[in-house]
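# Structural overview for review
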Amino acid sequence: MACVIRSCRWSPMAQLRARAVPSSNHSARSAMLSSRRGVPLSGLSLGLNRGRSQSVPLRVSSHSAPRTNHHRTLATLQSAYLGSLLQEPPLHPSPPPAPTDGASGPGHPAPHWSHCHGPLAPHWKGHGATIVCLAGSCVYSGAPFLASVAALRAGGELAYVFTEGSAASALKAQSPDLVVNALWQGEINMDSPRNNFAPIVRSIVGSLGRAHALVVGPGIGRTDGALRVAADVISAAQEQGLTVVVDADALWLVAQRPGLVRGHHKTVLTPNATEFERLRAAVMNGTPPADVPPPRWHEDPTQARARALAEVTAVASALDGVVVLRKGQPDVVSDGVTTLEVDTAGSTKRPGGLGDILAGCAAAIACLGRPGSPGERQDTPWSLVSAAAGACEVVRAATHTAHTKHGRALIASDVLGEIGRAMAVSTPPPSPMH
């Protein structure tokens, strides 16, 4: 049985109210409107509020009326309407009630992610959530930027990025909020003294002592050297008890070596449909397929949903409690015991980079209510499954808002600025500082 997490809607848009201005010459105006030259417009829908609209009767005068008045009226209405679209939601609305129905697991319902953490207690810098990100290459410099900035936007306080030299230069130019380390140039070579993997691993592992979560995989490539570094860093992070989010190219590594993550309950895998098929074949059949079948776009939605729930639960169970987050429609998250489904509104456009954003959000949100954190709640158990599902909900809400603003011009970096609003819907307000 799956728990469906619904979105927590704030009032997205203020209703636009327009009042008719009385005419000084009512009879003349009525006669004018009765003629063919007057064009009545009634029932124009202005503004949205939870799917409802207000119909405002409007009339456009004939060409004999001054054109400047007509243009000024339309400009005023357009300005007011656009202003209502851009109105920001309240920063700290009440969090949603914890779901009580549909949660799977024998007697262990999963709380909503917003109930797994409370207001931040006073603490020192970085103790709330420090994220280490192993990502990027000479080809992919955007992936580490999107993942690490998303982690900060979702509640992270410090983000350390370990990446290739040219990608590091781009990151430093893009954001002053990241601590960027250039550890190699070009491709990692296991034999070359310049790009030898051993000192690279030592540098990254040395930083894990100050971290609470690791994101590994976005844009690192599939060279032997990159995957070797990723494997060693994942093992070190698991030994230190960090939450590990495995994404993108590192999922290729896990498909080759499922034992790398099996049994580690603080590991989150974030495959898309293709990556999941490869992972499922490796875990369930013992070997990854040479060719992954294309997504079944024409499958019946009900059958696709039931199949996704069953397959994700089976893979997570076979991995002995690893959290598997299969991105799709809907997103399905499971640790083999508790299976959650997120089907809230997102975007119909799918720009590259949303998966990197999700990986960063999952790492940060997993830190918010962890035991010993300044946001820990004693009355609600911390749940990595709930945190991963919460990341899906936040990214979907942020993407939906960004798509509303940008339409088909939407790119992944547009979503970063909307994560804070999406987080605010379900995040308790900060404690007052005395």
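In this text, all values refer to a predicted model and were calculated from it rather than measured experimentally.

The rules behind these values
- Residues numbered from 1 in each chain as written.
- Predicted model: local features only at pLDDT ≥ 70, side-chain atom pairs only at ≥ 80, totals over all residues.
- Heavy atoms only, no water.
- Helix = DSSP H or I, 4+ residues; strand = E, 2+ residues; numbered from the N terminus.
- Buried < 20%, exposed > 50% of the residue type's maximum accessible area, 1.4 Å probe, protein only.
- Contact = heavy atoms within 4.5 Å.
- Polar contact = N/O pair within 3.5 Å; in protein donor to acceptor, adjacent residues only side chain to side chain.
- Pairing = 2+ DSSP bridges.
- Phe/Tyr/Trp six-rings, centres within 6.5 Å; stacked < 30°, edge-to-face > 60°.
- Lys NZ or Arg CZ within 6 Å of the ring centre and 35° of its normal.
- Axes fitted to C-alpha atoms, helices over the stretch in contact; angles between N-to-C directions.
- Parallel < 35°, antiparallel > 145°, perpendicular 65-115°, else oblique.
- Left-handed = near helix turned anticlockwise from the far one by under 90°.
- Nonpolar A, V, L, I, M, F, W, Y, C, P; charged D, E, K, R; others polar.
- 1 Å grid on protein atoms, 1.4 Å probe; cavity = no way out; pocket = protein on both sides within 12 Å on 5 of 7 lines; lining within 4 Å.
- Points joined across faces, edges and corners; volume = space filled by probe spheres on them.
- Core = buried A, V, L, I, M, F, W, Y, C linked by side-chain atoms within 4.5 Å.

### Regarding the environment of leucine 410
Position of leucine 410 among the secondary structure elements: in the loop between helix 11 (384-406) and helix 12 (412-416). Given the relative accessible area of 0%, leucine 410 is considered buried. Sequence-wise, leucine 410 and lysine 349 are 61 residues apart; in three dimensions their C-alpha atoms are separated by 7.4 Å. Setting aside anything within four residues of it in sequence, one finds leucine 410 in contact with Ser347, Lys349, Pro351, Thr399, Ala402, His403 and Val415.

### Concerning the side chain of arginine 396
By the element assignment, arginine 396 lies in helix 11. Within the structure, the side chain of arginine 396 is placed 2.8 Å from the side chain of aspartate 331, a separation counted as a polar contact.

### Structural notes on the pairing of strand 12 (residues 339-342)
Both faces of strand 12 are covered, namely the face carrying Thr339 and Glu341 and the face carrying Leu340 and Val342. Where strand 11 (residues 331-334) and strand 12 come together, four bridges link them in antiparallel fashion. Considered in strand 12, the bridge of serine 334 is made with threonine 339. Taking the residues between adjacent antiparallel strands as the criterion, strand 11 and strand 12 are bridged by four residues, where glycine 336 takes a positive phi near 95°.

### A look at the packing of aromatic side chains
For the structure on display, the rule yields zero aromatic pairs. The ring of tyrosine 160 has arginine 210 sitting right over it, with the charged end atom 5.0 Å from the ring centre.

### So, the packing of helix 7 (residues 249-256) against helix 8 (residues 273-285)
Closest axis-to-axis distance for the helix 7/helix 8 pair is 8 Å, and the angle between their directions is 15°. By the angle between their directions, the pair helix 7 and helix 8 is classed as roughly parallel. Every pair of crossing elements has a handedness; the one defined by helix 7 and helix 8 is left-handed. Between helix 7 and helix 8, the residues in contact are Leu251, Trp252, Val254 and Ala255 and Glu275, Arg278, Leu279 and Ala282, respectively. Among the residues forming the contact of helix 7 with helix 8, the class breakdown is six nonpolar, no polar and two charged.

### Examining empty space enclosed by the protein
Counted according to the given criterion, the structure contains two cavities of 30 Å³ or more. Volume-wise, the second largest cavity comes out at about 40 Å³. Taken together, Leu134, Trp184, Ile188, Ile220, Ala226, Val229 and Ala230 form the lining of the second largest cavity. In terms of residue count, the dominant contributor to the lining of the second largest cavity is helix 6 (residues 224-239) (three residues). Here the lining of the second largest cavity is built from residues that sort into seven nonpolar, no polar and no charged.

### With respect to unusual backbone geometry
In the segment running from glutamine 329 into proline 330, the intervening peptide bond is cis, with an omega of 5°. With a phi close to 55°, alanine 248 is a non-glycine residue in the positive phi region. The topology assignment puts alanine 248 in the loop between strand 8 (243-246) and helix 7. If you check the backbone angles, aspartate 320 has positive phi at about 60° while not being a glycine.

### Brief notes about the nonpolar core
Membership of the largest hydrophobic core comes to 57 residues, with the highest contact counts inside it found for Leu178, Val333, Ile357, Cys361, Ile365, Leu416 and Ile419. Among the elements that take part in this core, helix 10 (residues 354-368) stands out by supplying twelve residues, more than any other. Setting aside its immediate chain neighbours within four residues, cysteine 361 contacts Ala150, Ala151, Ala154, Ala391, Val395 and Ile419. Counting residues in each nonpolar core, the second largest holds 46 residues, with Leu208, Ala236, Leu260 and Leu319 among its members.

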